[in-house]
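Read off the chains here:
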Amino acid sequence: MQIVIIGAGVVGLATAWRTAAGGAAGGAAVTLVDPAPASGASSVAAGMLTPVSELTYGEEPLLRLGLASRDRYGAFVAELEELTGLETGYRTDGIIEVAFDSDDLRHLDDLRRFQESLGIPVEALTRRECRRLEPMLAPGVRGGLLAPEDGSVDPRRLAPALLAACERLGVRLVRRQAERLVVENDAAAGVGLDDGTVLRADRVLLAAGPWSGDLGGLPPGTVPPVRPVKGQVIRLRTRAPFLRRPTRGLVRGSSVYLVPRADGEIVLGATQEELGFDTRVTAGGLWELLRDARELLPGITELEFAEVTAGLRPGSPDNAPVMGPTALPGLLVGTGHFRNGILLTPVSADILSAMLLDGPVPEVAGPFAPDRFSPEVSA
């Protein structure tokens, strides 16, 4: 079976790896198409693995998907690192979330009660306990939560490791732009590239992030709308210990996070802006991040300024992933992961590779089928 995957972000790469590994006995051949693999949003993301900290009301199916993926991460990265010899920066120190003022603390208290009602382990912290865990926090921090089972990974290490894993398993990498879907006999039959080459395929997976709907030749309504959501990120550097674990903060209702790396880098993010395909870094966006971070961690202004970047997250109409077969036979989609692309990589790869190979699909995939946006299902 010939399989073409369009898009080599972490989800596309991990799916190609899993499909190549699972398809060896059945003769599946995997081709990955992307002009710049292991880049895009994957190279900008901070890599927080936080299904609990990112939880919002009414998103229980997404929570279950996130927990399933977080619980796969240890085995996932262990296998990946053994295969490639590359480190991923995977850490399981837990994540702390702190409140700047009393209104922020009330929000965290509500969130804690909701989490506890779902059986999610989370620990309420006093201001003193917050500062014992993270001594650099401002004395005025009101309190917080500890999600002990959450963690982080370094996407700038994870993506190259996934690319190396694909190469080890014989995935063909085509560094070209996919321009159109080839449709024959009312089914997907391949992909046309920007140089005129046509790649024949029995199945095509569209995993091109916010560009997934831009592929030429897609029948109208085949792919649910996916929009770009801009996120600006600052990278700082320190030689002395500053943060022990990823830290999220609420500052007058605004969210900010800081993710430390073992080499002294601290990733500060991230804005959330609905500005189309604009990837400019702006003074206003960076000022907001530094302003809120300074309220929580005053010493941050002493850190070295290393880099600023902006990326585009793929957001679906309900901000949840879109994974599965479309109405066009032979065409599948795997996009719309929004803020959770890194977190959801292991479970998304398991789901999408199973679908491509006609294997057993994890039950958590059910709520994220593309047809949930069709008029018949919505009604």
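Being a predicted model, the structure only gives us computed values, none of them experimental.

### Structural notes on the sheet that holds strand E15 (residues 254-260)
Across a sheet, paired strands are connected by hydrogen bonds in the backbone, their directions being either parallel or antiparallel. Taken in spatial order, the eight strands line up as E5-E6-E4-E14-E15-E16-E13-E17 in an open sheet, and their pairing is mixed. Pairing within the sheet leaves two strands with one partner each, and these edge strands are strand E5 (123-126) and strand E17 (304-315). Neighbour to neighbour, the strand axes of the sheet diverge by 20° on average, direction disregarded. Across five bridges, the pairing between strand E4 (residues 95-99) and strand E6 (residues 143-147) is antiparallel.

### Some remarks on the pattern of salt bridges
The final tally for this structure, using the stated rule, is 28 salt bridges. A salt bridge links Arg 157 to Asp 154, with the nearest nitrogen and oxygen atoms 3.7 Å apart. Classification of Arg 157 by relative accessible area gives partly exposed; the value is 39%. Between Asp 358 and Arg 203 there is a salt bridge, with its nearest N and O atoms 3.1 Å apart. Here the residue Asp 358 occupies a position in the loop between helix H7 (345-356) and helix H8 (375-378), and Arg 203 occupies one in strand E12 (residues 203-206), the gap between them amounting to 155 residues. One continuous salt-bridge network, built from bridges that share partners, spans Asp 154, Arg 157, Arg 235, Arg 237, Arg 261 and Glu 265.

### Quick look at helix H6 (residues 283-296)
With 14 residues, H6 extends 20 Å between its outermost C-alpha atoms, agreeing within 8% with the 20 Å of an ideal straight helix rising 1.5 Å per residue. If you check which residues of H6 are buried, you get Gly 285, Leu 286, Leu 289, Asp 292, Ala 293 and Leu 296. All buried residues of H6 lie within an arc of 140° about the axis, which places them on one face of the element. Exposed positions of H6 whose direction lies more than 90 degrees from the buried face are Ala 283, Trp 287 and Arg 294. Lining the buried residues of H6 we find E4, strand E13 (227-237), strand E14 (247-251), E15, strand E16 (265-269) and E17.

### Quick notes on the environment of Arg 131
Secondary-structure assignment places Arg 131 in helix H4 (residues 127-133). Each C-alpha atom of the pair Arg 131 and Gly 144 lies 10.0 Å from the other, and the pair is 13 residues apart in sequence. Each residue touching Arg 131, except ones within four places of it in the same chain, is listed here: Leu 137, Ala 138 and Pro 139. One polar contact links the side chain of Arg 131 to the main-chain carbonyl oxygen of Leu 137, over a distance of 3.0 Å.

### Structural notes on H7
Across its twelve residues, H7 extends 16 Å between first and last C-alpha, which sits within 8% of the 16 Å expected from 1.5 Å per residue. With respect to burial, H7 is a largely interior element, eleven of its twelve residues being buried. Of all the positions in H7, only Thr 345, Pro 346, Val 347, Ser 348, Ala 349, Ile 351, Leu 352, Ser 353, Ala 354, Met 355 and Leu 356 are classed as buried. Positive phi appears at Asp 358, one or two residues downstream of H7, with a value of about 60°.

Parameters at a glance
- Residues numbered from 1 in each chain as written.
- Predicted model: local features only at pLDDT ≥ 70, side-chain atom pairs only at ≥ 80, totals over all residues.
- Heavy atoms only, no water.
- Pairing = 2+ DSSP bridges.
- Helix = DSSP H or I, 4+ residues; strand = E, 2+ residues; numbered from the N terminus.
- Axes fitted to C-alpha atoms, helices over the stretch in contact; angles between N-to-C directions.
- Salt bridge = Lys/Arg side-chain N within 4 Å of Asp/Glu carboxyl O.
- Buried < 20%, exposed > 50% of the residue type's maximum accessible area, 1.4 Å probe, protein only.
- Expected span 1.5 Å × (residues − 1).
- Arc of directions from axis to C-beta.
- Contact = heavy atoms within 4.5 Å.
- Polar contact = N/O pair within 3.5 Å; in protein donor to acceptor, adjacent residues only side chain to side chain.

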